[in-house]
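# An overview of the molecular structure
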Amino acid sequence: PGSSVAASVFHGTHVAGAIGAVLNGQGIGGVAFGGRILPVRVLGEGGTGSSDDLIDAIRWVTGETDGVAARAQVVNLSLGGLPEIPQLEAAIEFGVNERDMLFVGAAGNSATSSPSYPAASPNVLAVSSVDAGGQLASYSNFGSWIDLAGPGGDASRDGNNDGRADVVWSTSAVAGANGFEASYTGLQGTSMAAPHVSGVLALLKTQDSSLNYEGLRALLESGGLTDFSGSRSDQLGFGILDASGALQANLSGDITILSPSPSQVILGSETGSEQIVRLNQIGNGAISNVSISDTPPWFTVIRSDIDSTIALNVALVDSAIEENVAYRDVIRVDYQAGSELRSLDIPVVAQVLSD
Ligand SMILES: [Ca+2]
Ligand SMILES: [Ca+2]
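Residues numbered from 1 in each chain as written. Chains lettered and ligands numbered in written order. Predicted model: local features only at pLDDT ≥ 70, side-chain atom pairs only at ≥ 80, totals over all residues. Heavy atoms only, no water.

## Quick word on the pairing of strand β3 (residues 125–130)
Condition: A 1.4 Å probe rolled over the protein chains alone gives each residue an accessible area, and that area as a share of the maximum for its type sets the label: buried under 20%, exposed over 50%, partly exposed in between. Comment: elements are numbered from the N terminus, with helices defined as DSSP H or I runs of at least four residues and strands as E runs of at least two. A pair of strands is labelled paired if DSSP reports no fewer than 2 bridges between them.
Taken across its six residues, β3 has six buried, putting it largely inside the fold. The side-chain alternation of β3 yields two buried faces, one formed by Leu125, Val127 and Ser129 and the other by Ala126, Ser128 and Val130. Inspection of the sheet shows strand β2 (residues 102–106) paired to β3 by three bridges, in the parallel sense. Opposite Ala106, over in β3, you have Val127 as the bridge partner. The pairing of β3 with strand β4 (residues 148–151) spans four bridges and is classified as parallel. If you follow Val130 over to β4, its bridge partner there is Pro151.

The structure is reproduced here in C-alpha coordinates:
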(Lines give C-alpha, C1' and ligand atoms only; values in the text may rest on other atoms or scores of the structure.)
(Ligands and ions follow the chains in the order given, each with its own letter.)
Protein backbone atom coordinates (compact mmCIF):
# COMPACT_ATOMS: atom_id res chain seq x y z
CA PRO A 1 0.00 0.00 0.00
CA GLY A 2 1.15 3.53 -0.70
CA SER A 3 1.11 6.36 1.78
CA SER A 4 -2.16 8.05 1.09
CA VAL A 5 -2.36 11.70 0.25
CA ALA A 6 -6.16 11.77 0.31
CA ALA A 7 -8.35 8.83 1.36
CA SER A 8 -6.60 5.49 1.03
CA VAL A 9 -8.96 3.51 -1.17
CA PHE A 10 -8.79 2.08 -4.68
CA HIS A 11 -5.09 1.39 -4.23
CA GLY A 12 -5.22 -1.43 -6.78
CA THR A 13 -7.16 0.74 -9.23
CA HIS A 14 -4.45 3.38 -8.99
CA VAL A 15 -1.67 0.82 -9.49
CA ALA A 16 -3.48 -0.84 -12.40
CA GLY A 17 -4.01 2.55 -14.07
CA ALA A 18 -0.29 3.33 -13.99
CA ILE A 19 0.30 0.07 -15.85
CA GLY A 20 -2.57 -0.05 -18.29
CA ALA A 21 -5.05 2.85 -18.23
CA VAL A 22 -6.35 3.37 -21.77
CA LEU A 23 -5.75 6.62 -23.62
CA ASN A 24 -9.14 8.31 -23.69
CA GLY A 25 -8.16 11.95 -23.92
CA GLN A 26 -8.71 12.50 -20.21
CA GLY A 27 -6.68 12.08 -17.06
CA ILE A 28 -3.75 9.76 -17.57
CA GLY A 29 -2.60 6.85 -19.72
CA GLY A 30 -0.81 3.74 -18.48
CA VAL A 31 2.76 2.84 -19.41
CA ALA A 32 1.56 -0.26 -21.31
CA PHE A 33 -1.82 1.16 -22.30
CA GLY A 34 -2.62 -1.68 -24.71
CA GLY A 35 -1.81 -4.31 -22.10
CA ARG A 36 -4.21 -6.64 -20.40
CA ILE A 37 -4.54 -6.57 -16.62
CA LEU A 38 -5.44 -9.62 -14.55
CA PRO A 39 -6.48 -8.27 -11.15
CA VAL A 40 -5.87 -10.68 -8.26
CA ARG A 41 -7.06 -9.51 -4.87
CA VAL A 42 -4.92 -10.59 -1.95
CA LEU A 43 -5.50 -7.80 0.58
CA GLY A 44 -8.63 -6.58 2.29
CA GLU A 45 -9.79 -2.99 2.68
CA GLY A 46 -7.16 -0.86 4.33
CA GLY A 47 -4.38 -2.98 2.88
CA THR A 48 -4.24 -5.71 5.49
CA GLY A 49 -4.00 -9.40 4.69
CA SER A 50 -2.09 -12.58 5.24
CA SER A 51 1.01 -13.93 3.57
CA ASP A 52 -0.88 -17.21 2.97
CA ASP A 53 -3.30 -15.39 0.66
CA LEU A 54 -0.39 -13.84 -1.21
CA ILE A 55 1.32 -17.23 -1.63
CA ASP A 56 -1.94 -18.84 -2.83
CA ALA A 57 -2.44 -16.02 -5.33
CA ILE A 58 1.08 -16.32 -6.74
CA ARG A 59 0.71 -20.09 -7.09
CA TRP A 60 -2.56 -19.53 -8.96
CA VAL A 61 -1.10 -16.88 -11.29
CA THR A 62 1.95 -19.02 -12.12
CA GLY A 63 -0.31 -22.01 -12.78
CA GLU A 64 1.42 -24.10 -10.12
CA THR A 65 -1.83 -24.69 -8.21
CA ASP A 66 -3.58 -26.46 -11.05
CA GLY A 67 -0.68 -27.39 -13.34
CA VAL A 68 -1.56 -25.01 -16.17
CA ALA A 69 0.29 -22.32 -18.13
CA ALA A 70 1.03 -19.01 -16.46
CA ARG A 71 -1.97 -16.71 -16.27
CA ALA A 72 0.21 -13.57 -16.60
CA GLN A 73 3.70 -12.69 -17.81
CA VAL A 74 4.52 -9.90 -15.38
CA VAL A 75 3.43 -9.79 -11.74
CA ASN A 76 3.29 -6.41 -10.03
CA LEU A 77 3.50 -6.65 -6.25
CA SER A 78 2.65 -3.20 -4.84
CA LEU A 79 2.72 -4.62 -1.35
CA GLY A 80 5.39 -5.66 1.10
CA GLY A 81 6.70 -5.48 4.63
CA LEU A 82 6.99 -9.25 4.95
CA PRO A 83 9.98 -11.17 6.29
CA GLU A 84 11.63 -13.83 4.12
CA ILE A 85 9.13 -16.73 3.92
CA PRO A 86 10.35 -19.97 2.30
CA GLN A 87 6.93 -20.82 0.80
CA LEU A 88 6.66 -17.35 -0.74
CA GLU A 89 10.18 -17.65 -2.17
CA ALA A 90 9.32 -21.07 -3.62
CA ALA A 91 6.11 -19.80 -5.23
CA ILE A 92 7.98 -16.93 -6.92
CA GLU A 93 10.86 -19.19 -7.92
CA PHE A 94 8.42 -21.52 -9.68
CA GLY A 95 7.09 -18.60 -11.74
CA VAL A 96 10.59 -17.40 -12.63
CA ASN A 97 12.15 -20.78 -13.39
CA GLU A 98 9.24 -22.81 -14.75
CA ARG A 99 7.15 -20.12 -16.42
CA ASP A 100 9.62 -17.37 -17.45
CA MET A 101 7.58 -14.85 -15.49
CA LEU A 102 8.86 -11.50 -14.21
CA PHE A 103 8.07 -10.18 -10.72
CA VAL A 104 8.27 -6.56 -9.55
CA GLY A 105 7.98 -5.51 -5.91
CA ALA A 106 7.50 -2.17 -4.15
CA ALA A 107 10.45 -1.57 -1.82
CA GLY A 108 8.22 -0.09 0.91
CA ASN A 109 7.55 3.29 2.45
CA SER A 110 9.26 3.15 5.84
CA ALA A 111 12.46 5.07 4.98
CA THR A 112 14.47 2.10 6.24
CA SER A 113 17.17 -0.15 4.83
CA SER A 114 15.66 -3.28 6.39
CA PRO A 115 14.86 -5.70 3.56
CA SER A 116 11.12 -5.85 2.82
CA TYR A 117 9.79 -8.97 1.09
CA PRO A 118 8.69 -9.92 -1.48
CA ALA A 119 10.67 -7.03 -3.10
CA ALA A 120 13.89 -8.17 -1.40
CA SER A 121 13.55 -11.67 -2.83
CA PRO A 122 16.41 -12.51 -5.23
CA ASN A 123 13.80 -13.31 -7.89
CA VAL A 124 11.88 -10.02 -7.63
CA LEU A 125 12.97 -6.58 -8.88
CA ALA A 126 12.88 -4.25 -5.86
CA VAL A 127 11.77 -0.73 -6.83
CA SER A 128 12.51 2.34 -4.73
CA SER A 129 10.74 5.64 -5.37
CA VAL A 130 11.96 8.99 -6.67
CA ASP A 131 10.34 12.42 -6.76
CA ALA A 132 9.90 14.41 -9.98
CA GLY A 133 13.50 15.65 -9.67
CA GLY A 134 14.92 12.13 -9.57
CA GLN A 135 15.83 12.21 -5.86
CA LEU A 136 14.97 9.33 -3.55
CA ALA A 137 11.53 10.05 -2.04
CA SER A 138 11.63 10.92 1.66
CA TYR A 139 9.58 7.84 2.62
CA SER A 140 11.22 5.31 0.28
CA ASN A 141 13.04 2.28 1.60
CA PHE A 142 16.60 1.83 0.36
CA GLY A 143 19.54 -0.55 0.79
CA SER A 144 21.77 -3.06 -0.89
CA TRP A 145 18.66 -5.01 -1.97
CA ILE A 146 17.23 -2.22 -4.18
CA ASP A 147 17.38 -3.02 -7.91
CA LEU A 148 16.15 0.19 -9.53
CA ALA A 149 14.01 3.27 -8.89
CA GLY A 150 10.79 4.42 -10.47
CA PRO A 151 8.57 7.51 -10.27
CA GLY A 152 6.51 7.20 -7.08
CA GLY A 153 6.20 10.87 -6.18
CA ASP A 154 6.78 12.74 -2.94
CA ALA A 155 3.90 14.94 -1.77
CA SER A 156 6.28 16.93 0.42
CA ARG A 157 8.41 18.06 -2.54
CA ASP A 158 8.33 19.83 -5.89
CA GLY A 159 11.48 18.32 -7.38
CA ASN A 160 10.71 19.47 -10.94
CA ASN A 161 9.75 23.03 -9.90
CA ASP A 162 6.39 23.02 -11.63
CA GLY A 163 4.61 24.55 -8.65
CA ARG A 164 2.84 21.31 -7.77
CA ALA A 165 3.55 18.62 -5.20
CA ASP A 166 5.14 15.57 -6.83
CA VAL A 167 2.38 12.99 -6.68
CA VAL A 168 1.53 10.31 -9.21
CA TRP A 169 -1.87 10.77 -10.84
CA SER A 170 -3.80 7.68 -11.80
CA THR A 171 -7.21 6.08 -11.89
CA SER A 172 -9.43 6.02 -8.81
CA ALA A 173 -13.07 6.29 -7.77
CA VAL A 174 -15.18 8.49 -5.52
CA ALA A 175 -18.56 7.93 -3.91
CA GLY A 176 -21.29 9.66 -5.94
CA ALA A 177 -25.08 9.80 -5.85
CA ASN A 178 -25.35 6.53 -7.80
CA GLY A 179 -22.51 4.59 -6.19
CA PHE A 180 -18.83 4.90 -7.04
CA GLU A 181 -17.86 7.06 -9.99
CA ALA A 182 -14.59 6.88 -11.92
CA SER A 183 -12.11 9.62 -11.07
CA TYR A 184 -8.41 10.36 -10.83
CA THR A 185 -6.29 10.96 -7.79
CA GLY A 186 -2.68 11.72 -6.88
CA LEU A 187 -0.81 9.38 -4.54
CA GLN A 188 2.77 8.78 -3.46
CA GLY A 189 4.51 5.54 -2.64
CA THR A 190 6.77 2.79 -3.84
CA SER A 191 3.44 1.15 -4.75
CA MET A 192 3.21 3.82 -7.46
CA ALA A 193 6.84 3.38 -8.56
CA ALA A 194 6.64 -0.41 -9.03
CA PRO A 195 3.85 -0.40 -11.67
CA HIS A 196 5.85 1.94 -13.89
CA VAL A 197 8.54 -0.75 -13.95
CA SER A 198 5.93 -3.49 -14.47
CA GLY A 199 4.46 -1.55 -17.38
CA VAL A 200 7.86 -1.29 -19.04
CA LEU A 201 8.46 -5.02 -18.49
CA ALA A 202 5.12 -5.70 -20.20
CA LEU A 203 6.37 -3.69 -23.20
CA LEU A 204 9.66 -5.61 -23.18
CA LYS A 205 7.74 -8.91 -23.13
CA THR A 206 5.78 -7.66 -26.15
CA GLN A 207 9.05 -7.09 -27.99
CA ASP A 208 10.46 -10.44 -26.93
CA SER A 209 8.20 -12.93 -25.18
CA SER A 210 11.23 -15.10 -24.34
CA LEU A 211 12.69 -12.44 -22.04
CA ASN A 212 13.13 -14.22 -18.71
CA TYR A 213 14.41 -13.07 -15.33
CA GLU A 214 18.02 -13.94 -16.14
CA GLY A 215 17.87 -11.85 -19.31
CA LEU A 216 16.14 -9.06 -17.42
CA ARG A 217 18.91 -9.02 -14.79
CA ALA A 218 21.49 -8.76 -17.56
CA LEU A 219 19.60 -5.78 -19.01
CA LEU A 220 19.32 -4.20 -15.56
CA GLU A 221 22.91 -4.73 -14.46
CA SER A 222 24.32 -3.53 -17.78
CA GLY A 223 22.35 -0.31 -17.36
CA GLY A 224 19.85 -1.10 -20.11
CA LEU A 225 16.70 -0.47 -18.07
CA THR A 226 17.74 2.80 -16.46
CA ASP A 227 19.81 5.97 -16.56
CA PHE A 228 22.61 3.93 -14.88
CA SER A 229 25.64 6.07 -14.04
CA GLY A 230 28.07 3.14 -13.77
CA SER A 231 27.86 2.75 -10.00
CA ARG A 232 25.01 1.04 -8.19
CA SER A 233 23.64 2.98 -5.23
CA ASP A 234 21.62 1.88 -2.22
CA GLN A 235 19.09 4.62 -2.95
CA LEU A 236 18.43 3.99 -6.66
CA GLY A 237 19.96 0.55 -7.24
CA PHE A 238 21.03 0.48 -10.89
CA GLY A 239 19.33 3.83 -11.53
CA ILE A 240 16.01 5.36 -12.50
CA LEU A 241 13.74 3.54 -14.94
CA ASP A 242 14.18 4.71 -18.55
CA ALA A 243 11.29 3.37 -20.63
CA SER A 244 12.52 4.25 -24.09
CA GLY A 245 16.11 3.29 -23.31
CA ALA A 246 14.90 -0.09 -22.04
CA LEU A 247 12.97 -0.81 -25.22
CA GLN A 248 16.01 0.06 -27.34
CA ALA A 249 18.42 -1.97 -25.20
CA ASN A 250 16.09 -4.97 -25.26
CA LEU A 251 16.12 -4.95 -29.06
CA SER A 252 19.89 -4.68 -29.33
CA GLY A 253 20.26 -8.35 -28.53
CA ASP A 254 22.30 -10.56 -26.28
CA ILE A 255 23.96 -8.92 -23.34
CA THR A 256 26.72 -10.57 -21.35
CA ILE A 257 27.76 -9.26 -17.95
CA LEU A 258 29.39 -10.32 -14.71
CA SER A 259 27.04 -10.11 -11.73
CA PRO A 260 28.64 -10.06 -8.25
CA SER A 261 27.29 -12.23 -5.45
CA PRO A 262 27.15 -10.86 -2.82
CA SER A 263 26.82 -7.41 -4.39
CA GLN A 264 28.63 -5.73 -1.51
CA VAL A 265 31.49 -6.87 0.74
CA ILE A 266 31.18 -6.23 4.46
CA LEU A 267 34.27 -6.97 6.55
CA GLY A 268 34.90 -6.49 10.24
CA SER A 269 34.47 -7.80 13.74
CA GLU A 270 30.81 -8.70 13.15
CA THR A 271 31.12 -10.37 9.77
CA GLY A 272 34.65 -11.78 9.55
CA SER A 273 37.82 -10.58 7.92
CA GLU A 274 37.46 -12.43 4.59
CA GLN A 275 34.75 -12.79 2.00
CA ILE A 276 34.49 -14.58 -1.34
CA VAL A 277 32.64 -12.70 -4.10
CA ARG A 278 31.55 -14.75 -7.08
CA LEU A 279 31.27 -12.93 -10.41
CA ASN A 280 28.51 -14.95 -12.03
CA GLN A 281 28.27 -14.67 -15.79
CA ILE A 282 24.87 -13.74 -17.20
CA GLY A 283 24.50 -14.15 -20.96
CA ASN A 284 26.40 -16.30 -23.43
CA GLY A 285 29.15 -14.02 -24.77
CA ALA A 286 32.84 -14.65 -24.11
CA ILE A 287 34.33 -12.93 -21.07
CA SER A 288 38.00 -11.98 -21.29
CA ASN A 289 40.63 -9.53 -20.06
CA VAL A 290 39.31 -9.38 -16.50
CA SER A 291 41.32 -6.87 -14.51
CA ILE A 292 40.95 -5.74 -10.92
CA SER A 293 41.77 -2.21 -9.81
CA ASP A 294 44.44 -1.39 -7.24
CA THR A 295 43.08 -1.58 -3.73
CA PRO A 296 43.61 0.75 -0.78
CA PRO A 297 45.97 -0.44 2.00
CA TRP A 298 43.18 -1.80 4.21
CA PHE A 299 42.09 -4.73 2.07
CA THR A 300 43.45 -7.12 -0.54
CA VAL A 301 41.79 -8.85 -3.46
CA ILE A 302 43.06 -12.18 -4.79
CA ARG A 303 41.42 -13.87 -7.71
CA SER A 304 40.52 -17.42 -6.69
CA ASP A 305 38.13 -18.90 -9.20
CA ILE A 306 35.72 -21.62 -8.13
CA ASP A 307 35.42 -24.17 -10.93
CA SER A 308 34.64 -22.02 -13.99
CA THR A 309 33.20 -19.10 -11.98
CA ILE A 310 35.40 -16.06 -11.53
CA ALA A 311 35.72 -15.39 -7.81
CA LEU A 312 37.53 -12.84 -5.68
CA ASN A 313 38.85 -13.40 -2.19
CA VAL A 314 38.58 -10.07 -0.37
CA ALA A 315 40.50 -9.87 2.91
CA LEU A 316 40.98 -7.21 5.54
CA VAL A 317 44.54 -6.09 6.33
CA ASP A 318 44.35 -5.92 10.11
CA SER A 319 47.53 -3.88 10.51
CA ALA A 320 46.12 -1.11 8.28
CA ILE A 321 42.82 -0.78 10.13
CA GLU A 322 42.13 1.56 13.01
CA GLU A 323 39.53 0.35 15.44
CA ASN A 324 36.10 2.01 15.43
CA VAL A 325 36.70 3.74 12.10
CA ALA A 326 34.34 3.03 9.20
CA TYR A 327 36.12 2.31 5.91
CA ARG A 328 34.47 2.41 2.50
CA ASP A 329 35.86 1.89 -1.01
CA VAL A 330 35.11 -0.08 -4.15
CA ILE A 331 36.69 -2.88 -6.15
CA ARG A 332 36.52 -1.95 -9.81
CA VAL A 333 36.50 -4.88 -12.20
CA ASP A 334 37.08 -4.12 -15.88
CA TYR A 335 36.39 -6.81 -18.45
CA GLN A 336 35.60 -7.51 -22.05
CA ALA A 337 32.21 -9.14 -22.68
CA GLY A 338 31.85 -10.04 -26.34
CA SER A 339 32.59 -6.79 -28.16
CA GLU A 340 31.75 -4.56 -25.18
CA LEU A 341 34.16 -3.17 -22.60
CA ARG A 342 32.36 -3.22 -19.28
CA SER A 343 33.18 -2.35 -15.69
CA LEU A 344 31.69 -3.22 -12.38
CA ASP A 345 32.03 -1.55 -8.97
CA ILE A 346 31.73 -3.73 -5.89
CA PRO A 347 31.44 -1.67 -2.69
CA VAL A 348 33.62 -2.76 0.23
CA VAL A 349 32.91 -1.56 3.75
CA ALA A 350 34.75 -2.43 6.94
CA GLN A 351 34.70 -1.60 10.60
CA VAL A 352 36.54 -3.24 13.46
CA LEU A 353 35.08 -2.44 16.85
CA SER A 354 37.20 -2.34 19.99
CA ASP A 355 36.37 -5.03 22.55
CA1 LIG B 1 14.87 -8.39 -5.12
CA1 LIG C 1 6.23 18.98 -9.06
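## Looking at the domain arrangement of the chain
Heads up, the rule is: Note that domain bounds follow an automatic or database assignment of domains. Whether two residues are in contact is decided by their heavy atoms: any pair within 4.5 Å suffices. Here the quantity called buried area is the total loss of accessible area, with a 1.4 Å probe, experienced by two parts when brought into contact, counted for both.
Looking at the assigned domains, one finds that the chain contains domain 1 (11–251) and domain 2 (257–351). Taken over C-alpha atoms, the centre of domain 1 sits 30 Å from the centre of domain 2. Between domain 1 and domain 2, the residue contacts involve nine residues of the former and eleven residues of the latter. When domain 1 packs against domain 2, close to 710 Å² is buried across both sides, 48% of that on carbon and sulfur atoms.

## Section: unusual backbone geometry
Cis peptide bonds are those with omega within 30 degrees of zero, and the linkage from Tyr117 to Pro118 qualifies with 10°. Position of Pro118 among the secondary structure elements: in the loop between β2 and β3. Across the junction of Ser261 and Pro262, the peptide omega takes the value 0°, indicating a cis bond. Structurally, the position occupied by Pro262 is in the loop between β7 (257–261) and β8 (265–268). Positive phi, close to 50°, is recorded for Ala111, a residue that is not glycine. Relative to the helices and strands, Ala111 resides in the loop between β2 and β3. The class for Ala111 is partly exposed, based on a relative accessible area of 40%. The backbone of Asn161 shows a phi angle near 50°, a positive value even though the residue is not glycine. Its relative accessible area of 68% is what places Asn161 among the exposed residues.

## Overview of the coordination of the calcium ion (ligand 1)
For a metal with four donors in a tetrahedral arrangement, the ideal angle between donors is 109.5 degrees, while six donors in an octahedron ideally sit at 90 or 180 degrees. This is how the line gets drawn: Counted as donors are N, O and S atoms no farther than 2.8 Å from the metal, or 3.2 Å for Na, K and Ca; water is not among the atoms, and sites may therefore look incomplete.
Summarising the metal site, the calcium ion (ligand 1) is bound by the protein donors Ala119 (O), Ser121 (O) and Val124 (O), whose distances to it range over 2.3 to 2.5 Å. Donor residues for the calcium ion (ligand 1), ordered by position in the chain, follow A-x1-S-x2-V. Assessed through its relative accessible area of 1%, Ala119 is described here as buried. Classification of Ser121 as buried rests on a relative accessible area of 3%.

## Considerations on the coordination of the calcium ion (ligand 2)
Protein coordination at the calcium ion (ligand 2) comes from Asp158 (OD), Asn160 (OD1), Asp162 (OD), Arg164 (O) and Asp166 (OD), with a distance range of 2.1 to 2.4 Å. Here the donor residues of the calcium ion (ligand 2) share one chain and are spaced in sequence as D-x1-N-x1-D-x1-R-x1-D. Residue Asp158 is classed as partly exposed on the basis of its relative accessible area, which comes to 26%.

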